[in-house]
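# Descriptive analysis of the structure
Okay, here's what each chain looks like letter by letter:
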Amino acid sequence: MNNLPRLALELPAPTFTGPPCPSCKGKGVTDLRYEWTTERAVLMVDVLCDDCTGCGSADHQGCDTARHAEQDQDDYPDDDTNEEPGCPSCDGRGWHPLQGFTEDTMLTLRMPCGCTEEQLVPAREARTSR
Ligand SMILES: [Zn+2]
Ligand SMILES: [Zn+2]
Ligand SMILES: [Zn+2]
């Protein structure tokens, strides 16, 4: 039963102009991955950094706001000039912020959206250990 493939959604490192977030060193995610078991695979889900909420920037200068766990609606004016069709459920980001829990901590998971299924790659085992 437990021979499901371990998959992960690999996103490129975030870009920004200010200093990197000291907590995640600019990666936007922690070194932990959260195991999320589905019917077909074990997803190794990235855990968003609490301090920068996912963009990797310490001061949010020139950061990629699409990486923030909480989306500001103003970042996405809903008008006809939006040429990227994207995915309606994730705004083309490819993931959703999702609450996850360990024994004593609440985590914000970068849960892959169903539209990224084809982009999931085998998780690198080295990343799963602390
Ligand atoms: Zn951070
Ligand atoms: Zn930011
Ligand atoms: Zn999607």
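Okay, so let's go over this structure. (Residues numbered from 1 in each chain as written. Chains lettered and ligands numbered in written order. Predicted model: local features only at pLDDT ≥ 70, side-chain atom pairs only at ≥ 80, totals over all residues.)

Our focus in this paragraph is the overall build of the protein. Looking only at helices and strands, one finds 1 helix and 6 strands in the protein. Secondary structure elements in the protein, listed N-terminal to C-terminal, are β-β-β-β-β-β-α. In the protein, which comprises 130 residues, the share counted as buried stands at 28%. Sequence-distant contacts in the protein: of pairs separated by 6 or more residues, those separated by 24 or more amount to 61%. (Helix = DSSP H or I, 4+ residues; strand = E, 2+ residues; numbered from the N terminus. Buried ≥ 20, exposed ≤ 12 C-beta atoms within 10 Å, placed from the backbone. Contact = placed C-beta atoms within 7 Å.)

Burial within strand S3 (residues 42–48) is extensive, with 6 of its 7 residues counted as buried. Bridge analysis of strand S1 (residues 6–8) against S3 gives 2 bridges, and the strand direction is parallel. Paired with Leu7 across the bridge in S3 is Leu43. Two strands pair when backbone bridges link them, and strand S2 (residues 29–37) and S3 are joined in this way by 6 bridges, in the antiparallel orientation. Across the sheet, residue Trp36 finds its bridge partner in S3, namely Leu43. Bridge analysis of S3 against strand S5 (residues 106–112) gives 2 bridges, and the strand direction is antiparallel. Looking at the pairing, Val47 lines up with Leu109 of S5. (Pairing = 2+ DSSP bridges.)

Of note in this structure, Thr53 is not a glycine but carries a positive phi near 55°. Positive phi outside glycine occurs at Asp91, with the angle close to 60°.

Right, let's get into the pairing of strand S4 (residues 95–101). Working note: regular strand, side chains alternate between the two faces of the sheet. Both S4 and S5 contribute to a ladder of 7 bridges, which runs antiparallel. Opposite Pro97, over in S5, you have Arg110 as the bridge partner. Hairpin remark: S4 followed by S5, antiparallel, with 4 residues in the connecting loop.

Core analysis: the largest hydrophobic core is formed by 22 residues, its most contacted members being Ala8, Met44, Val45 and Cys49. Within the residue set of this core, elements represented by two or more residues are S1, S2, S3 and S5. The residues contacting Val45, other than those within four sequence positions of it, are Arg33, Tyr34, Trp36, Leu109, Arg110 and Met111. (Core = buried A, V, L, I, M, F, W, Y, C linked by C-beta atoms within 7 Å.)

With respect to the helices and strands, Asp50 occurs in the loop between S3 and S4. The exposure class assigned to Asp50 is partly exposed, which follows from the 16 C-beta atoms found within 10 Å. In this structure, the C-alpha to C-alpha distance between Asp50 and Met106, residues 56 residues apart in sequence, is 10.0 Å.

This brings us to the environment of Gly114. As for its placement among the helices and strands, Gly114 is situated in the loop between S5 and strand S6 (121–122). Classification of Gly114 as exposed rests on a count of 10 C-beta atoms within 10 Å. Considered as a pair, Gly114 and Cys87 are 27 residues apart in the sequence and their alpha carbons are 9.4 Å apart.

Looking at the secondary structure, you find Gly62 in the loop between S3 and S4. What makes Gly62 exposed here is the crowd of 12 C-beta atoms within 10 Å. Separated by 47 residues in sequence, Gly62 and Thr15 have C-alpha atoms that sit 7.9 Å apart. Apart from the residues lying within four places of it in its own chain, the contact partners of Gly62 are Phe16, Thr17 and Gly18.

From the geometry alone we can't say anything about function, so treat these as descriptive.
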